[in-house]
Amino acid sequence: MGAERDDAAQAGTVVTPSAEFPPLGDEERAALGRIGERWRGPRRADDLPVDPTLGRHDHHPAPTRFGRLAPIDMFTVAQPGELVATGAADLPGNRAGRSVARVRRTLIGPPLSSASVLYERMRKLVALPVLSSDLLSSVAYGPEAMLAVLVLAGSAALGLALPLAAVLVVLMVAVGLSYRQTIPAYPHGAGSYIVAGDNLGRTPGLAAAAGLMLDYVLTVSVSIAAGVHAVTSALPGLGRWTVPLGVLVIAVLLAGNLRGVRTAGNIFVLPTYAFVVVLLVVLAVGYAKAASRGFAPLPPPSAPAAEGLGLLLVLRAFSSGAVSMTGIEAVSNAVPAFRPTEWRNARTTLGWMVAMLVTLFAGLIGLIHLDGLAPRADETLLSQLGRVTFPSGPGYAILQATTALILLLAANTAFNDFPRLLFFMARDGHAPRRFLHMGDRLAFSNGLVALALTAAVVFVAFGGHTERLIPLYAVGVFLAFTLSQTGMVVHWRRRRGPGWRRRLAVNAVGATLSGLVLLTAAVAKFAEGAWVVVLAVPLLVLLFRRIHGHYDRLHRALALHSPPSAPPAECDELPQQVRHLVVVPVARLNRASLRALAYATSLGRPTLAVHLAPAQDEADRFRDQWRAWGDHLKLETIVSPGRSVIGPLAHYLEALHAASPDLTLTVIVPEVVLRRRRYRLLHSRAEQRLRTALRALPGVVVTSVPVHVSR
């Protein structure tokens with residue numbers, strides 16, 4: 001059972017455009033064969049009045065007034081019975097639609113073939129900056145978040161930063177090693193949702209997914225808030241434009257990621273590497289200056305104590321500093337985005353990321369302590385460190401520029417992982433199936449747009465202030481860490497392969513430390529806003545379960561066997577089982593209604609015409625006209641003294657259906673199609689209102705017969 005569960009979990013992580021069209025199971029294929037054996041169609045499958053492969057035509061079809069067929073090949077014949085749509089077939093038929101399509105292609109590029117999904121992968125040198133931008137950028141605000149809590153107890157409490165940083169380094173290494181083990185154990189994608197759901201059950205898996213989703217949304221908001229703060233620290237005059245600047249950056253990130261994984265990766269490579277190099281230079285220069293004075297720490301500025309130094313304050317500082325680890329799970333979530341061998345490249349990349357994180361975080365904490373710096377409301381700690389390290393020359397400007405870039409682009413990690421998480425959840429029926437769809441550039445466009453809109457709402461709601469968002473940050477991410485690592489402990493106990501005890505111990509340490517941080521953040525920061533995440537996670541889990549319940553009921557209703565609760569008229573699976581009655585509503589006898597009546601009669605099924613009159617005199621006049629036409633079909637007139645049409649007609653059709661529930665009612669409505677949109681407001685669009693009124697009635701099919709008017 002364990003091996004089967006693992007195989008199923010790995011199969012569920014394969015990311016292809018065909019995921020929108022899952023294959024039939026063995027039971028459904030057998031039912032399909034049984035239905036096919038009893039199928040009797042009215043004619044042979046190949047007895048068609050036209051060639052479906054379009055192969056007989058050696059000339060191009062001419063355009064018509066309403067059609068858009070032009071001398072452009074829309075399809076090519078790949079093999080007998082199969083056509084391949086060309087790029088021209090994707091273009092809209094109207095001028096406005098084509099203009100929008102041109103703008104779209106200018107922004108995100110031309111569509112990519114589905115077969116190109118294998119080439120939209122990242123090599124390690126590209127994956128490292130793309131997936132580590134969130135993790136590495138957090139060192140720009142994580143140390144400051146920790147010190148901002150400690151300074152509440154006075155400047156003397158800042159000395160606790162060193163031991164707290166040492167504990168955080170241990171936590172980083174433990175969690176990093178844990179995820180390094182997770183990657184080869186789940187080589188097709190080791191997101192916390194998959195690992196926790198596979199080993200702990202559906203509800204823990206959904207809780208991990210909820211935590212990750214909140215983490216990704218806050219990653220975008222916090223990263224951009226910190227990036228804008230870095231810009232306004234260097235250019236204070238832009239402070240009043242914080243919110244518009246942040247929303248603009250979210251829009252730019254969305255456009256970049258809509259261009260595809262590989263293109264987005266190439267865009268974000270240089271800023272990440274530049275940030276790392278500049279920080280290493282800052283550390284080298286800063287420690288060299290400290291060495292010249294014998295590593296004697298400078299005294300921090302005097303700060304009065306606003307709170308007493310107690311355990312709760314220390315725990316709050318620790319949980320605030322733990323946000324420096326956000327993004328450490330990004331590689332394990334995105335294993336399928338690597339080039340082969342995926343899991344090996346992913347594990348190597350994660351090792352580099354953790355090593356760089358530990359070096360930068362520990363180095364910055366130590367240098368801030370040696371230089372005697374303390375958090376200030378008007379300037380970030382990294383900006384203060386830059387001014388001290390580079391009192392003259394372009395060094396400070398380069399540091400602030402690279403910091404702003406990495407913080408603004410750190411949200412790209414979330415843009416990689418959030419849509420992929422929604423893809424996996426949609427595969428399992430816990431998220432809307434629209435998130436399975438890959439856009440023109442083989443990116444999960446719907447997931448990207450959902451993330452951008454949600455993050456923009458959060459950013460605007462909090463006014464772009466980083467310190468207001470961080471209390472919400474740690475709970476979600478460490479919930480996912482804890483559940484993922486706990487799931488890996490269960491995984492190793494089930495597998496019991498070579499070295500399983502050592503692997504279990506590593507994951508157990510990671511789970512324990514992550515759980516402690518989770519409890520600390522939830523308790524210590526509950527009143528500061530963490531209650532929002534504590535409340536949101538169970539609500540999201542309930543929402544996911546409701547969505548799954550809906551899709552489960554839908555699957556049972558549409559399965560290849562009639563469920564007991566289905567209406568009789570919707571249980572027909574064979575042509576010979578369908579009993580038809582064609583109903584044609586006729587308001588007046590004109591070319592549109594006569595065309596609908598002719599179409600209905602040509603189907604060779606029993607046909608009934610229905611006319612609604614506002615008064616008895618009008619009903620009598622219409623029957624006279626009907627007899628003048630020839631009385632070719634059965635006519636039923638309904639007098640509606642209230643002059644309503646849609647309601648009485650819908651109730652009449654419902655009564656017909658109730659009289660014979662196994663009967664399929666096909667309602668054919670004449671529809672006038674106008675070429676010019678400006679004239680549509682002059683018509684009632686009764687056919688659309690009738691379709692809406694009958695949509696909930698089982699066993700009723702509504703179709704329209706169009707009559708086009710050129711002027």
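Residues numbered from 1 in each chain as written. Predicted model: local features only at pLDDT ≥ 70, side-chain atom pairs only at ≥ 80, totals over all residues. Heavy atoms only, no water.

### Focus: the overall build of the protein
Argument step 1. What the protein contains, in helices and strands, is 24 helices and 7 strands.
Argument step 2. With 711 residues in all, the protein has 48% of them scored as buried.
Argument step 3. Taking as baseline every contact in the protein between residues at least 6 positions apart, the subset at least 24 positions apart corresponds to 78%.
Argument step 4. Roughly 34300 Å² of accessible area belongs to the protein as shown, and the carbon and sulfur atoms make up 61% of that amount. (Helix = DSSP H or I, 4+ residues; strand = E, 2+ residues; numbered from the N terminus. Buried < 20%, exposed > 50% of the residue type's maximum accessible area, 1.4 Å probe, protein only. Contact = heavy atoms within 4.5 Å. Areas by Shrake-Rupley, 256 points an atom, 1.4 Å probe, with all protein chains shown as cover.)

### Some points on the nonpolar core
Argument step 1. Formed by 148 residues in total, the largest nonpolar core has its most connected members in Leu-150, Val-220, Ile-224, Phe-415, Met-425 and Phe-478.
Argument step 2. With 18 residues, helix α8 (residues 202–234) is the largest single contributor of residues to this core.
Argument step 3. Every residue in contact with Met-425, bar those within four places of it in the chain, is listed here: Tyr-193, Leu-206, Ala-209, Met-213, His-430, Ala-431 and Phe-544.
Argument step 4. Val-610, Leu-649, Leu-663 and Val-667 belong to the second largest nonpolar core, which has 20 residues in total. (Core = buried A, V, L, I, M, F, W, Y, C linked by side-chain atoms within 4.5 Å.)

### Structural notes on the side chain of Thr-520
Argument step 1. Relative to the assigned elements, Thr-520 resides in helix α19 (residues 500–524).
Argument step 2. Excluding residues that lie within four positions of it along the chain, Thr-520 makes contacts with Leu-315, Ser-319 and Lys-525.

### Description of the pairing of strand β6 (residues 663–674)
Argument step 1. Among the 12 residues of β6, 9 are classified as buried, and the element is accordingly described as predominantly covered.
Argument step 2. Here strand β3 (residues 579–585) pairs with β6 via 5 bridges, running parallel. Opposite Val-583, over in β6, you have Val-667 as the bridge partner.
Argument step 3. For β6 and strand β7 (residues 700–709), the ladder comprises 10 bridges, and the chain directions are parallel. (Pairing = 2+ DSSP bridges.)

### Remarks on the sheet that holds β7
Argument step 1. Sheet architecture is open: 5 strands sit in the order β5-β4-β3-β6-β7, paired in parallel fashion. The outermost strands of the open sheet, each flanked by one partner alone, are β5 (634–639) and β7. Each strand of the sheet is rotated relative to its neighbour by a mean of 25°, with strand direction disregarded.
Argument step 2. Where β3 and strand β4 (residues 607–613) come together, 4 bridges link them in parallel fashion. (Axes fitted to C-alpha atoms, helices over the stretch in contact; angles between N-to-C directions.)

### Regarding helix α9 (residues 242–258)
Argument step 1. Taking 1.5 Å as the rise per residue, α9 with 17 residues should run 24 Å; its terminal C-alpha atoms sit 25 Å apart, in good agreement.
Argument step 2. Among the residues of α9, those classed as buried are Thr-242, Gly-246, Val-249, Ile-250, Leu-253, Leu-254, Gly-256, Asn-257 and Leu-258. (Expected span 1.5 Å × (residues − 1).)

### Let's talk about the packing of aromatic side chains
Argument step 1. Evaluation of the coordinates by the stated rule reveals 7 aromatic pairs.
Argument step 2. With centroids separated by 5.8 Å and ring planes inclined at 70°, the aromatic side chains of Tyr-179 and Phe-481 adopt a geometry described as edge-to-face. Taken together, the residues span a long stretch of sequence, with Tyr-179 in helix α6 (residues 161–185) and Phe-481 in helix α18 (residues 466–495) at a distance of 302 residues. Each member of the pair, Tyr-179 as well as Phe-481, carries the same accessibility label: buried.
Argument step 3. Put simply, the rings of Tyr-179, Phe-478 and Phe-481 pair up and form one aromatic cluster.
Argument step 4. Stacked on the ring of Trp-492, the Lys or Arg Arg-503 has its end atom at 5.6 Å from the ring centre. (Phe/Tyr/Trp six-rings, centres within 6.5 Å; stacked < 30°, edge-to-face > 60°. Lys NZ or Arg CZ within 6 Å of the ring centre and 35° of its normal.)

### Comments concerning the confidence of the model for the protein
Argument step 1. The predicted model of the protein averages 78 in pLDDT, with 77% of residues at 70 or higher.
Argument step 2. Within the protein, the lowest mean pLDDT, 40, falls on helix α1 (residues 2–11), and the highest, 91, falls on helix α13 (residues 342–371).
Argument step 3. Every residue in residues 1–13 is under pLDDT 50, and counting partners more than four places away or in other chains gives 20 contacts. (pLDDT = per-residue confidence, 0-100.)

### Side note on the packing of α6 against α13
Any two packed helices are characterised by the angle at which their axes cross and by the distance between the axes.
Argument step 1. Running from amino to carboxyl end, α6 crosses α13 at an angle of 175°, the nearest separation of the two axes being 9 Å. In terms of orientation, α6 lies roughly antiparallel with respect to α13.
Argument step 2. Class assignment for the residues of the contact of α6 with α13 results in 19 nonpolar, 5 polar and 2 charged. (Parallel < 35°, antiparallel > 145°, perpendicular 65-115°, else oblique. Nonpolar A, V, L, I, M, F, W, Y, C, P; charged D, E, K, R; others polar.)

### Notes on the pattern of salt bridges
Where charged atoms from two side chains of opposite charge come close, those side chains can pair.
Argument step 1. On inspection of all chains with the given rule, the structure shows 6 salt bridges.
Argument step 2. The salt bridge involving Asp-624 is made with Arg-627; its shortest N-O contact spans 2.3 Å. Remark: Arg-627 and Asp-624 occur in helix α22 (residues 616–629); sequence separation between them is 3 residues, near one turn of the helix.
Argument step 3. With a relative accessible area of 43%, Asp-624 lands in the partly exposed category.
Argument step 4. Here the salt bridges share partners, and the residues they tie into one network are Arg-376, Glu-379 and Arg-387. (Salt bridge = Lys/Arg side-chain N within 4 Å of Asp/Glu carboxyl O.)

### Quick word on the environment of Ala-306
Argument step 1. Position of Ala-306 relative to the elements: it lies in the loop between α10 (261–292) and α11 (311–321).
Argument step 2. A relative accessible area of 62% places Ala-306 in the exposed class.
Argument step 3. Remark: the alpha-carbon pair of Ala-306 and Gly-154, spanning 152 residues in sequence, is separated by 7.1 Å.

### Considerations on the pairing of β5
Argument step 1. Note: β4 against β5, 6 bridges, orientation parallel. What sits directly across from His-611, in β5, is Thr-637.
Argument step 2. You can see the chain leave β4, run along α22 and come back into β5, and the turn it takes is right-handed. (Right-handed = clockwise from strand over helix to strand, strands pointing away.)

### Details of unusual backbone geometry
Argument step 1. The phi torsion at Phe-295 lies on the positive side, around 55°, for a residue other than glycine.
Argument step 2. As for its placement among the helices and strands, Phe-295 is situated in the loop between α10 and α11.
Argument step 3. The class for Phe-295 is partly exposed, based on a relative accessible area of 46%.
Argument step 4. One non-glycine residue, Arg-496, adopts positive backbone phi at about 50°.
Argument step 5. On the secondary structure map, Arg-496 appears in the loop between α18 and α19.
Argument step 6. By relative accessible area, which is 47% here, Arg-496 ends up partly exposed.

### As for the side chain of Asn-199
Argument step 1. Of note, Asn-199 is situated in helix α7 (residues 192–200).
Argument step 2. Residue classification places Asn-199 among the buried residues on the basis of a relative accessible area of 5%.
Argument step 3. Non-local contacts of Asn-199, meaning those with residues more than four positions away in its chain, are made with Tyr-186, Gly-487, Val-490, His-491 and Arg-494.

### Focus on a nonpolar patch on the surface
Argument step 1. On the surface, Phe-526, Trp-531, Val-532, Val-534, Leu-535 and Leu-539 cluster together into a nonpolar patch covering about 540 Å² of accessible area.
Argument step 2. In this fold, Val-532 is placed in helix α20 (residues 526–558). (Patch = residues over 30% accessible without salt bridge, like charges linked within 9 Å, V, L, I, M, F, W, Y side chains within 5 Å.)

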